[in-house]
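Letter by letter, the chains look like this.
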Amino acid sequence: MLACTAIFYMAALEIEEDPFGVGMEPYVFPIAICYVLGGITLLLLARSAVGAFREGLFAGDLQEIRLFFGWVLPMAAIAFAYLGLINLFQYLLPTIIILAATLALFGNRGVKWLVTIPTISGLVYYVTFFGVFRLLEPTGILIEYDNFYIFGAMRKFIGV
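Let me begin by describing the structure that accompanies this report.

Definitions and cut-offs
Residues numbered from 1 in each chain as written. Predicted model: local features only at pLDDT ≥ 70, side-chain atom pairs only at ≥ 80, totals over all residues. Heavy atoms only, no water. Helix = DSSP H or I, 4+ residues; strand = E, 2+ residues; numbered from the N terminus. Rg over C-alpha atoms; globule rule 2.2 N^0.38 Å. Buried < 20%, exposed > 50% of the residue type's maximum accessible area, 1.4 Å probe, protein only. Contact = heavy atoms within 4.5 Å. Axes fitted to C-alpha atoms, helices over the stretch in contact; angles between N-to-C directions. Parallel < 35°, antiparallel > 145°, perpendicular 65-115°, else oblique. Left-handed = near helix turned anticlockwise from the far one by under 90°. Nonpolar A, V, L, I, M, F, W, Y, C, P; charged D, E, K, R; others polar. Lys, Arg positive; Asp, Glu negative; His and termini not counted. Salt bridge = Lys/Arg side-chain N within 4 Å of Asp/Glu carboxyl O. Patch = residues over 30% accessible without salt bridge, like charges linked within 9 Å, V, L, I, M, F, W, Y side chains within 5 Å. Areas by Shrake-Rupley, 256 points an atom, 1.4 Å probe, with all protein chains shown as cover. Core = buried A, V, L, I, M, F, W, Y, C linked by side-chain atoms within 4.5 Å.

**Here's the deal with the overall build of the chain**
When helices and strands are tallied, the chain shows six helices and zero strands. Taken from N to C terminus, the helices and strands of the chain fall in the order α-α-α-α-α-α. For 160 residues, the compact-globule estimate of 2.2 N^0.38 gives 15 Å, and the chain exceeds it by more than 25% at 22 Å. A total of 160 residues make up the chain; the buried ones form 21% of that total. Considering only residue pairs separated by 6 or more positions, the chain has 49% of its internal contacts joining residues 24 or more positions apart.

Structure (structure tokens):
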């Protein structure tokens, strides 16, 4: 929750000030919500830590910590890497790469699992949502393309 709040806080700081605005500026409310969420999250975290120390959860087995570093942290890293890669390369390539990384994390090996399935799945989702349904995707920083030119004839053919 703190990481999400920090990301939203950084985005709220980029909201421009209205030079002719009167009263509360557009950025005040989102920043106030971030402060509230951050404060509540810190309070809940402190309360949970006190309860865990009282029950002696940190004194015994390290299985929970191993699970955290073995599964939760890698999945969080994959999620943040996906967001970053979408920002760089648009949708299709990051989807294929991150799906392969997720399958590898869960123990899948071989060309079928790490290349074929992510590529086919990524293409099916891309054609369905960005081709047929014409969802708009943000342009990538490193790779930029417009899917209208890729799927325009197909959409015209099926009457969408």
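**Focus on the side chain of threonine 5**
Structurally, threonine 5 is set in helix H1 (residues 2–13). Judged by its relative accessible area of 7%, threonine 5 falls in the buried class. Those residues in contact with threonine 5 that lie beyond four places of it in its chain are Cys34, Leu37 and Gly38.

**Quick look at the packing of H1 against helix H2 (residues 28–55)**
Look at H1 against H2: their axes get within 9 Å of each other, and the N-to-C directions meet at 165 degrees. One way to sum up the angle between H1 and H2 is to call them roughly antiparallel. In the packing of H1 onto H2, the handedness of the crossing is left-handed. Facing Leu2, Thr5, Phe8, Tyr9, Ala12 and Leu13 of H1, the residues of H2 in contact are Pro30, Ile31, Cys34, Tyr35, Leu37, Gly38, Thr41 and Leu42. Among the residues forming the contact of H1 with H2, the class breakdown is 11 nonpolar, three polar and no charged.

**So, the side chain of glutamate 25**
Take glutamate 25: it is sitting in the loop between H1 and H2. Buried and without a salt bridge, glutamate 25 has arginine 134 as its closest oppositely charged side chain, separated by 33 Å. When neighbours within four sequence positions are excluded, glutamate 25 is seen to be in contact with Glu17 and Asp18.

**Considering a nonpolar patch on the surface**
A surface patch of nonpolar side chains, about 840 Å² in accessible area, is lined by Leu62, Ile65, Leu67, Phe68, Phe69, Trp71, Val72, Leu73 and Phe106. Given a relative accessible area of 46%, valine 72 falls into the partly exposed group.

**Some thoughts on the environment of threonine 102**
One can find threonine 102 in helix H4 (residues 92–105). Through-space distance from the C-alpha of threonine 102 to that of cysteine 4 is 21 Å; in sequence the pair is 98 residues apart. Those residues in contact with threonine 102 that sit more than four places away from it in its chain are Met75 and Ile78.

**Side note on the nonpolar core**
In this structure, Ile86, Tyr91, Leu92, Ile96, Tyr126, Phe130 and Phe151 together form the largest nonpolar core, which totals seven residues. Put simply, the parts of the chain that give this core at least two residues each are H4 and helix H5 (111–132). Setting aside its immediate chain neighbours within four residues, phenylalanine 151 contacts Tyr126, Val127, Phe130 and Gly131.

**Some words on the environment of phenylalanine 130**
On the secondary structure map, phenylalanine 130 appears in helix H5. On the basis of relative accessible area, phenylalanine 130 is assigned to the buried category, the value being 9%. Counting along the chain gives 128 residues from phenylalanine 130 to leucine 2, while the straight-line C-alpha distance between them is 32 Å. Here phenylalanine 130 is in contact with Tyr91, Tyr125, Leu135, Leu136, Glu137, Asn147, Phe151 and Arg155, once residues within four sequence places are set aside.

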